[in-house]
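Each chain, letter by letter, is given below.
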Amino acid sequence: MGKKILLAGIGALAMFGGQAYADHLVAIAGPMTGQYASAGDQIRKGAEMAIADINAKGGVLGQKLVLEVGDDACDPKQAVSVANTMVNKKIVFMHGHWCSSSTIPASDVYNESQILMATVSTNPKVTERGLKNIFRIMGRDDQQGLVAGGYLADTFKGKKIAVVDDKSAYGKGLADEMAKALQGKGVKPALRESITAGEKDYSGLVSKLKSAGVEVMAYGGYHTEVALILRQAQQAGLKLTVMGGDTMTNTELVTAAGPAADNVLFTFSPDPRKNPAAADIVKKFRDAKVEPEGYVMYAYAAMQLFAQAAEQAKSVKYGDLEKAMRGGSFDTVIGKLSFDAKGDNKLPGFMVYQWMGGKYDYVAK
Amino acid sequence: MALALQQLINGLTLGAVYGLIAIGYTMVYGIIGMINFAHGDIYMVSAFIAVTGFTLLTAFGVTSVPFALLVVLIVAVLFTSVYGWAVERLAYRPLRGSTRLAPLISAIGMSIFLQNMVQLTQGARVKPIPPMITGGIDVLTTDGFTARLSYSQILIVLVTVALLAAFTWLITRTSFGRQQRACEQDRTMTALLGIDVDRTISLTFMLGASLAAVAGVMVTMYYGVVDFYIGFVAGIKAFTAAVLGGIGSLPGAMLGGLIIGLIEAFWSNYLSAEYKDVATFSILILVLMFRPSGLLGRPEVEKV
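Just so we're clear, the structure is a prediction, and the values are computed from it rather than from any experiment.

Undergrad: For the sheet that holds strand 3 (residues 93–95) of chain A, give the residues involved together with the corresponding values.
TA: Residues and elements named next belong to chain A. Read from one edge to the other, the open sheet built from five strands follows the order 2-1-3-4-5, with strand pairing classed as parallel. Looking at strand neighbours, the two that pair on one side only are strand 2 (65–71) and strand 5 (134–136), the edges of this open sheet. Going from strand to strand, the sheet's axes swing by 20 degrees on average, the running direction of each strand aside. Relative to strand 3, strand 1 (residues 24–30) runs parallel, the two being bridged by three bridges. Each residue of the ladder has a partner; that of Val 26, found in strand 3, is Phe 93.

Structure below.
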């Protein structure tokens, strides 16, 4: 009997202790391993730097932030188990996941346990399911596809355009939107194809593109496949211009595709490295030998977003945080963030970029 | 016409690579009756050795492509066969004589181990090498489409043919080949005749690994991009090729590889690239329904 009371007492103490004295656990999740691991690496570097900076300034509501890292390898099943682990660890905020196909199933778990999320996944479904806990700091594929498709229709008038995807939630969603945007401008795609991601041989697709006289490929998917397609197109004597989405920001594309990468266009939010207000942070990253490309600054911004929302709400309770996020406006390294009723970024502002000599920049008009 | 020719070329090149890997599966199955699931990862390891080799040679200022290719090929075959030997010695030999499932599970474990080892030591990032052999011959032009046979495709097919010739000679004409075939038929009897069965099995693994090594080098040269995960897809396809041709049969493995390569090329051209894998596996199911031991496989006869 005495033992039981003692145990109950310790349990209660532990619970109180957890509430009152622990640091705030915040988490990131994404492909830390697997073929898209370089994106996970960017997220981790951005988040680590942000947390170090926030903690150096005294943390959030007087308490330090501690980072948890989840690895979903872009596998939807693993994403759900990562989500469950994170829920058990009692995190108060999740920046992730990265692949839309991981974010969608995982967000149901976080929603059930009332954990706030900020994601960079771009598939419209992420915010279209009426979940209150999820906010998107990136744009959506339909906005992205509209910009990409519109640009292709205007710039490559009279040329044959194929639309290809990799069957992933992100890739297919983006490709569908690009096709829709093209058709909206009266351009009928010459080919609509899907490939299997993770293979090495796309010569079948390349020959098909070549025989159809395609010069431009609008592609929904990840950079690894684009690099292979470009290389094989070059081998087959086909000059191909590719229009992709935000995943083409990865420098691996250039190492893998070589000079052919200069034919890659893509849409991405305005480059945070060009944001004058973020110049200090950019310099800090570069001093630490981290190039703040791709998702680095987004991860940094996500952590700032949480810190500011918590300060405004004066609480890290889910209800208060959610209210603060929905109503507020936040100053981050990627610019001002505010959200609409669905949780989408109000001002995503996609731009068309082009790779040129191993660097990307806004496309020359 | 030119388009069909182009897909024939693409299919044969891809099929040659699948076939080379498939032989490793089929040989191991033939001799110890297990599927070596780590074989795809052995191929991946050789691709990494090739990338390292090419990068080092470039760093030392070697510019002659044939020389670099030859050196890398030899180095990759040597190192990879050591891997093949080590995998057999560590993961399969201690389990010989236990249940049939034990080495299978051990093989899956070995596959996961190799993938993670390469990921940890080499990083998860894609490792590319710049294109080495560019250019090709325009073979045929019809309806504005030019079929192109690239030099690297010629090289892959030539190397495969040469390798297969050497390999057939090794199995049918040498004393090692005879021992190997004897072990396939009856291991106990072979041991009674004074042949070192363990040694023969080790050599079989090394031989399978060296064929996979050649495939790895060829793929690295042709596609130019390698990551720690390539062994999985290639392994599944090659395993399918081995089963399609009749597992245990060496010509069957090559035939299966070529058939799968051709199906993939033609299907993705005339129908849709989306359902390419569906086509491959449907044909596998169809073949197995009518010929359960594969195209060239012999059914196991159990004597009563």
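Undergrad: Before we move on, could you go through the interface of chain A and chain B and cite the residues and values that matter?
TA: Taken together, the 32 residues of chain A in the interface contact 32 residues of chain B. Of all the secondary-structure elements, those providing two or more residues to the side of chain A that touches chain B are helix 2 (37–56), strand 7 (191–194), helix 8 (203–211), helix 9 (223–235) and helix 10 (252–257) of chain A. A per-element tally of the side of chain A that touches chain B places helix 8 of chain A first, with seven residues.

Undergrad: Let's hear about unusual backbone geometry: which residues, and what values?
TA: Residues and elements named next belong to chain A. The linkage connecting Gly 96 with the following residue, His 97, adopts the cis geometry, with an omega of -10 degrees. Considering the arrangement of structural elements, one finds His 97 in the loop between strand 3 and helix 4 (100–112). We note that Cys 74 has phi near 60 degrees; this positive angle belongs to a residue other than glycine. Cys 74 gets classed as buried once you count the C-beta atoms within 10 Å, which come to 26. Even without being a glycine, Gln 114 presents a positive backbone phi close to 55 degrees. Topologically, Gln 114 is positioned in the loop between helix 4 and strand 4 (116–119). Here Gln 114 falls in the partly exposed class, since 15 other C-beta atoms lie within 10 Å of it.

Undergrad: Hey, could you go over the sheet that holds strand 8 (residues 216–220) of chain A for me, with residue numbers and the actual values?
TA: Residues and elements named next belong to chain A. Ordered by their spatial adjacency, seven strands build an open sheet running 7-6-8-9-10-13-14, and the pairing between neighbours is mixed. For this open sheet the edge positions go to strand 7 and strand 14 (359–362), each flanked by a neighbour on one side alone. Pairs of neighbouring strands in the sheet enclose a mean axial angle of 25 degrees, with direction left out of account. Note that strand 9 (residues 241–244) and strand 10 (residues 264–268) share three bridges and pair parallel. When the sheet's bridge partners are listed, Gly 244 is paired in strand 10 with Phe 266. Strands strand 6 (161–165), strand 8, strand 9, strand 10 and strand 13 (351–356) of the sheet are contacted by helix 6 (residues 141–155), whose axis makes an angle of about 175 degrees with strand 8.

What counts, and where the lines are drawn
- Residues numbered from 1 in each chain as written.
- Chains lettered and ligands numbered in written order.
- Predicted model: local features only at pLDDT ≥ 70, side-chain atom pairs only at ≥ 80, totals over all residues.
- Pairing = 2+ DSSP bridges.
- Helix = DSSP H or I, 4+ residues; strand = E, 2+ residues; numbered from the N terminus.
- Axes fitted to C-alpha atoms, helices over the stretch in contact; angles between N-to-C directions.
- Contact = placed C-beta atoms within 7 Å.
- Buried ≥ 20, exposed ≤ 12 C-beta atoms within 10 Å, placed from the backbone.

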